[in-house]
Amino acid sequence: MVRQRGFTLLEVLVAVAVLAIAMGAVIKVGSENAANALHLRDKTYAHWVAVNRATELRVEQAWPSVGQSNGTVEMAERVWEWRVRVSDTPDPDLRRLDIEVRLDGQEHALAVLVAFLGRPMAPAVMGDEA
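Each chain carries its own residue numbering, running from 1 in the direction its sequence is written. pLDDT decides what is reported in this predicted model: residues at 70 or higher carry local features, side-chain atom pairs at 80 or more are listed and counted, and totals for whole chains, interfaces and linings draw on all residues regardless. Derived side-chain values reflect all non-hydrogen atoms in the structure, with water molecules and hydrogen atoms excluded from consideration.

A.B. asks: Lay out the pattern of salt bridges with the relevant residues and their values.
C.D. replies: By definition here, a salt bridge exists when the distance from a side-chain nitrogen of Lys or Arg to a carboxyl oxygen of Asp or Glu is within 4 Å. Under the definition given, this model contains 9 salt bridges. Salt-bridge contacts for Asp42 lead to Arg41; the nearest nitrogen and oxygen are separated by 3.2 Å. Think of it in three bands: with a 1.4 Å probe and only protein chains considered, a residue is buried below 20% of the maximum accessible area for its type, exposed above 50%, and partly exposed in between. You can call Asp42 buried: its relative accessible area is 11%. The class of Arg41 is partly exposed, set by a relative accessible area of 36%. For Arg96, the salt bridge goes to Asp98, with nearest N and O atoms at 3.0 Å. Asp98 sits in the buried class, given a relative accessible area of 12%. Taken together, the salt bridges that share partners define one network made up of Arg41, Asp42 and Arg78.

The following block contains the structure:
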């Protein structure tokens, strides 16, 4: 008499249960990684919006007044809200810019940038001697 060897139904069910638990953990880790990648992408774009706003203020050559301004800009097919708070510093020729950027409609900022802006100098005229 030849005895057949194989797995019992109980052994197969236990193996399938172990695989199901392991696959669930793998899927959870994968989805968390995807969510983190999307969040980091949004934070990167928000930082770029903040840097762009600081650069715009720098090239305007206008001395910004102390206070707050806000606006929106489109980048990467999304609308971003920015808020710039301009404040004095101990140096009268230097202003502090606190720039916050968030996605349109979101409560908390994805990026906060602190920049300093110097008072624009009057352009030198050719032929002027010191």
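A.B. asks: Go over the pairing of strand S3 (residues 94-103), please, and point to the residues and values.
C.D. replies: The buried fraction of S3 is high, at 8 of 10 residues. Remark: 5 residues form the turn of the hairpin made by strand S2 (residues 78-88) and S3, two consecutive strands paired antiparallel. Bridging between S3 and strand S4 (residues 111-118) involves 8 bridges; their strand directions are antiparallel. In the strand pairing of S4, Ile99 is matched with Leu113. We count a stretch as a helix when DSSP gives it H or I for four or more residues in a row; a strand needs E for two or more, and each element gets its number in order from the N terminus. Strands were regarded as paired on the criterion that DSSP finds at least two bridges between them.

A.B. asks: Residues and numbers for helix H1 (residues 9-59), please.
C.D. replies: Any helix carries an expected span of 1.5 Å times its number of residues minus one. Between its terminal C-alpha atoms H1 stretches 75 Å, which fits the 75 Å expected from 51 residues at 1.5 Å a residue. The complete set of buried residues in H1 reads Asp42, Ala46, Val49, Ala50, Arg53, Ala54 and Leu57. Immediately beyond the C-terminal end of H1, within one or two residues, lies Gln61, with a positive phi of roughly 60 degrees.

A.B. asks: Requested: an account of the side chain of Asp42, with residues and values cited.
C.D. replies: Turning to its location among the elements, Asp42 is positioned in helix H1. A 3.5 Å cut-off defines polar contacts: any pair of N or O atoms within that distance qualifies, except that in protein one atom must be a possible hydrogen donor and the other a possible acceptor, and neighbouring residues in sequence count only when both atoms are side-chain atoms. One polar contact links Asp42 to Arg41, side chain to side chain, over a distance of 3.2 Å. The contacts of Asp42, once residues within four sequence positions are left out, are Arg78, Trp80, Leu103 and Leu110. Contacts between residues were defined by any pair of non-hydrogen atoms, one from each residue, lying within 4.5 Å.

A.B. asks: Can you explain unusual backbone geometry? Please cite residues and give values.
C.D. replies: Backbone geometry at Ala76 places phi at a positive 55 degrees, although glycine is not the residue there. The topology assignment puts Ala76 in the loop between strand S1 (67-75) and S2. We classify Ala76 as partly exposed; its relative accessible area is 37%. With a phi angle near 60 degrees, Glu77 is a residue other than glycine that sits in the positive phi range. Mapped onto the elements, Glu77 comes out in the loop between S1 and S2. The class for Glu77 is exposed, based on a relative accessible area of 75%.

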